[in-house]
Amino acid sequence: MLHIKDLNVYYGNIQALKGVTLDIEEGEIVTLIGANGAGKSTLLKTLSGLIKPKKGSIEYLGKSIAGKPAQSIVKAGMSHVPEGRRVFSNMTVEENLELGAFLRKDKQEIQKNLQKVYEIFPRLFERKKQLAGTLSGGEQQMLAMGRAIMAKPKLLLLDEPSMGLAPIIVRTIFQVIQEINEEGTTVLLVEQNAHMALSIAHRGYVIETGKVVLSGSAQELQESDELKQAYLGGH
Ligand code: ATP
């Protein structure tokens, strides 16, 4: 579904991605693990068209998308939930969710989808008329995910969905990711919480200072000594 080859990305003179090669097949949950500053968010931003790569190729559903505008990539069914839960603060919860579906024309399906999001996150239903800016951090994260679900993406890019959330909400979020995947959405999941990420992912890549240093099935990574020491707290 997604084939990234030799991707090089710079911020001015600083090289953030140094020849990243990575593949995602349809139906997978693939996780990207790495320390702060490794280049994870940069990779997601490059995929969704927010940053243009200097070199390398990105093939998505058989087409080259490297350097294409973000709108055309969204139209091709890729949704990005960025780090830091960006919601539209001055709009209500429901307006934010409806906005997620703005490219869709199937009105009845959209309504069904909205009900589904409310089923997944009852908290959003209770607060549907509340301004998004007044939600708690965890609620905003739910809303950002709900909005992405409303787009019915083929490929969902999630940037640290567990960041700053209480363990009980993290569990809900990870269950939701698994559910969305089972219903047909392919997922690229960036996480600092390697343990949780590997518990739901099929495969993973470890990225260090802009390079992929390790990749394999979730089980292989969970058993890897290298990963255990650096990212799984030695357990
Ligand atoms: P974290 O887990 O801390 O979010 P990350 O793996 O997502 O980290 P990136 O945000 O992709 O890391 O950053 C990769 C590198 O690029 C870092 O060294 C960062 O300082 C640098 N960088 C990111 N954004 C910019 C920018 N707008 N201008 C200059 N350098 C940047």
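Residues numbered from 1 in each chain as written. Predicted model: local features only at pLDDT ≥ 70, side-chain atom pairs only at ≥ 80, totals over all residues. Heavy atoms only, no water.

Q: Provide a residue-level description of the site of the ligand, including the pertinent values.
A: Taken together, 13 residues form the shell around the ligand, and within it N36, G37, K40, S41 and T42 come nearest. Residue E83 places a side-chain N or O atom 3.4 Å away from an oxygen atom belonging to the ligand. Between the ligand and the protein, one listed contact pairs an oxygen atom with a side-chain N or O atom of Q192 at 2.9 Å. Contact with the protein chains hides 63% of the accessible area of the ligand, taken as 630 Å² for the molecule alone. (Near = heavy atom within 4 Å. Polar contact = N/O pair within 3.5 Å; in protein donor to acceptor, adjacent residues only side chain to side chain. Areas by Shrake-Rupley, 256 points an atom, 1.4 Å probe, with all protein chains shown as cover.)

Q: Tell me what's going on with the pattern of salt bridges, and back it up with residues and numbers.
A: In the structure shown here, the tally under the stated rule is 10 salt bridges. In this structure, D6 engages K55 in a salt bridge whose closest nitrogen and oxygen atoms are separated by 3.2 Å. You can see D6 sitting in strand β1 (residues 2-11) and its partner K55 sitting in strand β4 (residues 55-60), a full 49 residues away along the chain. The partner of E139 in a salt bridge is R127, with the nearest N and O atoms 3.6 Å apart. Taken as a pair, E139 in helix α6 (residues 137-150) and R127 in the loop between α5 (122-126) and α6 lie far apart in primary sequence, 12 residues in all. On the basis of relative accessibility, which here comes to 7%, the residue E139 falls in the buried class. (Salt bridge = Lys/Arg side-chain N within 4 Å of Asp/Glu carboxyl O. Helix = DSSP H or I, 4+ residues; strand = E, 2+ residues; numbered from the N terminus. Buried < 20%, exposed > 50% of the residue type's maximum accessible area, 1.4 Å probe, protein only.)

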